[in-house]
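# Descriptive analysis of the structure
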Amino acid sequence: MEDQELQKNSRVVKVDSAESWNFYVSQAKSQACPIVAHFTASWCIPSVFMNSFFEDIASSYQDALFLIVDVDEVKEVARRLEVKAMPTFMFLKDGITMDKLVGANPDEIKKKVDGFVQSSRLVHIA
């Protein structure tokens, strides 16, 4: 029950199919909302370790969409985006990959997310 409650309050959306990936990307694109996607695998300890960090960072950025994708469950999307190692973090704007970071480096991910979301805000203001 506690896990279900945490998921309800989460800002991270779990992608469970190629269709749901396409839906979220399309919605974000129509709303000019940047996407930060965490590609993970349940068997990859560094990836699993990053899940709670990803949840924490998502709560700090209300104007970005945070997606989590298990590469074993949504192979088509991982293959299309050429995800070859986990964890991989992708930064998308208007449906296009703008940047990518491979590895479990919380400080670097925080810097990248901050810079990416800030640059997206500047474009909307201009």
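Placed above this text is the structure.
Remember, predicted model here, so these are calculated numbers, not experimental data.

## Overview of the sheet that holds strand β4 (residues 88-93)
Ordered in space as β1-β3-β2-β4-β5, the 5 strands form an open sheet in which the pairing is mixed. What marks the edges here is a single partner per strand, and that holds for β1 (12-15) and β5 (96-102). Taken pair by pair, the neighbouring strands of this sheet meet at an average axis angle of 25°, ignoring direction. Relative to strand β3 (residues 65-70), β1 runs parallel, the two sharing 4 bridges. Across the sheet, the residue bridging to valine 15 is valine 69, located in β3. Seen against the sheet, helix α3 (residues 45-58) touches β1, β2 (35-40), β3 and β4 and runs at an angle of roughly 160° to β2.

So, how was this worked out
- Residues numbered from 1 in each chain as written.
- Predicted model: local features only at pLDDT ≥ 70, side-chain atom pairs only at ≥ 80, totals over all residues.
- Heavy atoms only, no water.
- Pairing = 2+ DSSP bridges.
- Helix = DSSP H or I, 4+ residues; strand = E, 2+ residues; numbered from the N terminus.
- Axes fitted to C-alpha atoms, helices over the stretch in contact; angles between N-to-C directions.
- Contact = heavy atoms within 4.5 Å.

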